[in-house]
Structure formats: structure tokens, C-alpha cells
Amino acid sequence: MMPTPSHSSFLSSPPPWLCELPKKDPWSRPFAESLLTHLDLYEGASILDVACGDGIPAFHLAHRVGPGGRVVGIDVNHAQLLRSRAVQGPYFPWLEFRHGDVRQLPPDLGQFDRITGNLSFMFFRPQRQETLQQLARFLKPGGQLVLTFPSLGTFDSLWKRVDREMVHQGFTKERERLADYITERPSAADARQWLETCGLEKIDVAEYPLEVHTGSGHEFLFHPLLRGGFLDDVYECFTDQTLADQFMETISLDIKSFVPLFAQRCVMSAWRPGVSPPST
Ligand SMILES: C[S@@+](CC[C@H](N)C(=O)[O-])C[C@H]1O[C@@H](n2cnc3c(N)ncnc32)[C@H](O)[C@@H]1O
């Protein structure tokens, strides 16, 4: 979470915390760091940041491109956008937060030198290829696209433990549902293939392991990162939530069997063929 602006924020230059990636963020920050490693960033660039959420990395990008550049952050969640605009306050007037669904972006957005999206690609479903293709149309010729997402393989040791327990307890339907959830997640190989099908070039897809630390019991079950988007998938496989609670309790008391727990930070980078015209 970004801090909210204080009185001092009404000075003309933005406070350092708004220019940098948030220091105490164990999930978005490491993904954003990988994104920045692959992004060819320069002063004056125009950037579309999809699924911008709290403004990671939109605020940092706005700082780096400077007043000669332009950053448009897009998110589908209105409340999220209100928070980001409140955090922005009077700073970076060349940064705009707009409402939009990455699967159907407003056609009047124009074209950009760069398109970024930290922890974004998993939301391109169900038509990931088509969404990627549409998104690439907002790139100028010679422009670069860099997206990150937790790829297939993320928390594999946990899924194996859950699977074993489901077999042991005879949860056949639940097990099938969970397998569907997991295999629906895009892999690094899928990402590469979709980028190729979009006609993009200089494709680079890389994975960086990220260890996520957790204690057992409630710390695991209510871990802010694991719960939303990962453990919730297990609960959703059960029609009876009391059974789901009992099942997950068993898992939560056996974390020794699946730690260290690794996510795969996948970065997909590609360029639109052509020569980039000067930024306008
Ligand atoms: C995991 S957060 C990532 C936010 C930020 N980029 C970061 O790194 O912290 C995902 C964001 O994607 C947004 N989102 C989900 N589906 C979306 C869609 N179809 N179009 C645009 N934004 C979407 C959510 O509202 C949320 O703010």
C-alpha cells in the first residue's frame, strides 16, 4: 500500500517514496524490479501501464520519464483508481489514471513507446492471445511491451501437498477442479508462443524464482499474499466450506512438507517491428 500524502506533499517536487517502488512490498516490488530489468526506459517516453492498481510501477515510471514523457495507468477497479489519484495528489501531471478493462481498452488511448503491466498477464483470460494482440496495437512501431505474472510452477510444492491430501481424503471432484485451476495458469512457454503469434519480435521470456515466507497455521491461512488468488482457489474447489476449512487446517499444520515455497516471477518482453518515430 502506498502511504497517503501529507501536508508536505504540496511542495512542488514529489516525495522520494512516490518516485521509488515501495520498499516493504514482498510481492509487487520484486515483480516490478524484474519488469524494470527488462524495460528499455528513457526520459520523454510515453508509457501505457495496464492493471496499474496502486500505481506500481506507474509512479516510478512517471518519475523516470519526466515531464517530457507521458504515463497512462489503466485499471478496471474504480476504487483502486480513486486511491491512486488520491496518492498522486498534485504530482506528476503527466501521469493519468484511467478506467479501463485491458481486454477491451478504449480506442482513443493513442499509441505508446512502451506498454507495461506488473502482475497483469493473469488477468488477460479467457482470450489471452486476443487480448495480447489487441494490446500490441497500442504500441508504436519499434515500441516495447513488458508484462509480468506468476507463471505455471508458482507454489508447485504446495499444490503437490494439497493434491496428496485430496487423494488421501478421497476428494475426487475437488481434486479435478483444483487441477483445472492450476493448469489454466499460463506458463512461460505459453507467453512466448502468444508473443510470437502476435507478430512481435526480439522476444525475451524469463523466470526468476521468488521465495515467499510463511509460518504455519493461521499465518499461512491468512497470509495476505497466499490467501487472495492462491489459497482461495482451493476453497473454491469445495462446495462445503466447513470441509474446506478442515482440509486447509490440515495443510496449514504441515507447512514443513512444502517450504521453501517459490513463486515464478515471469517477465515477458517483446518489441513491435518497425522504427519508433520521435515521441510527441
Ligand atoms: C495484482 S494487482 C497489480 C497492481 C499493480 N500493477 C502492482 O504491481 O501492484 C492487479 C490489478 O489488476 C487489476 N485488474 C484485474 N483485471 C483487470 C482487467 N481486466 N483490466 C484492467 N485491470 C485489471 C486489478 O483491479 C488490480 O488493481
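It should be emphasised that the depicted structure is a prediction, and the values quoted were computed from it without experimental measurement. (Residues numbered from 1 in each chain as written. Predicted model: local features only at pLDDT ≥ 70, side-chain atom pairs only at ≥ 80, totals over all residues. Heavy atoms only, no water.)

Once the domains are mapped, the protein shows domain 1 (23–151 + 186–211 + 263–271) and domain 2 (156–182 + 217–253). Centre-to-centre separation of domain 1 and domain 2, based on C-alpha positions: 31 Å. (Domains from an automatic or database assignment.)

The contact between helix α10 (residues 224–236) and helix α11 (residues 241–252) brings their axes to 9 Å, and the two run at 130 degrees. The angle between the axes of α10 and α11 places the two elements in the oblique class. Contacts from L231, V234 and Y235 of α10 reach α11 at Q241, A244, D245, F247 and M248. Of the residues contributing to the contact of α10 with α11, the split by class is six nonpolar, one polar and one charged. (Axes fitted to C-alpha atoms, helices over the stretch in contact; angles between N-to-C directions. Helix = DSSP H or I, 4+ residues; strand = E, 2+ residues; numbered from the N terminus. Parallel < 35°, antiparallel > 145°, perpendicular 65-115°, else oblique. Contact = heavy atoms within 4.5 Å. Nonpolar A, V, L, I, M, F, W, Y, C, P; charged D, E, K, R; others polar.)

This part is about the pattern of salt bridges. Oppositely charged side chains are able to pair whenever their charged atoms sit close together. As enumerated under the stated definition, the model contains 11 salt bridges in all. Of the charged contacts, one joins D108 and R98 as a salt bridge, the two residues approaching to 3.3 Å between their closest N and O atoms. One end of the pair, D108, is in the loop between β3 (95–99) and β4 (112–117); the other, R98, is in strand β3, and 10 residues separate them in sequence. The residue E165 makes a salt bridge to R161 at a minimum N-O spacing of 3.0 Å. Remark: R161 and E165 occur in helix α6 (residues 156–169); sequence separation between them is four residues, near one turn of the helix. (Salt bridge = Lys/Arg side-chain N within 4 Å of Asp/Glu carboxyl O.)

Okay, the site of the ligand next. For the ligand, the set of nearby residues contains 16 residues, the closest of which are S28, A51, I56, D75 and N118. At 2.8 Å, a backbone N or O of I56 approaches a nitrogen atom of the ligand. Between the ligand and D75 there is a distance of 2.6 Å, counted from an oxygen atom to a side-chain nitrogen or oxygen. (Near = heavy atom within 4 Å. Polar contact = N/O pair within 3.5 Å; in protein donor to acceptor, adjacent residues only side chain to side chain.)

In this model, helix α7 (residues 172–183) (12 residues) spans 17 Å end to end at C-alpha, consistent with the 16 Å of a helix rising 1.5 Å per residue. Of all the residues in α7, the buried ones are E174, L178 and I182. The buried residues of α7 all sit within an arc of 70 degrees when viewed along its axis, so they share a single face. Away from the buried face of α7 by more than 90 degrees, exposed residues T172, K173, E176, D180 and T183 are located. (Expected span 1.5 Å × (residues − 1). Buried < 20%, exposed > 50% of the residue type's maximum accessible area, 1.4 Å probe, protein only. Arc of directions from axis to C-beta.)

Once rolled over the atoms, a probe with the size of a water molecule shows which space is left empty. Using the criterion set out here, one finds one cavity of 30 Å³ or more in the structure. Its volume calculated, the largest cavity comes out at about 40 Å³. Taken together, S151, L152, G153, T154, D156, W159, I182 and R185 make up the full set of residues lining the largest cavity. Here the residues of the lining of the largest cavity are counted per class, giving three nonpolar, three polar and two charged. (1 Å grid on protein atoms, 1.4 Å probe; cavity = no way out; pocket = protein on both sides within 12 Å on 5 of 7 lines; lining within 4 Å. Points joined across faces, edges and corners; volume = space filled by probe spheres on them.)

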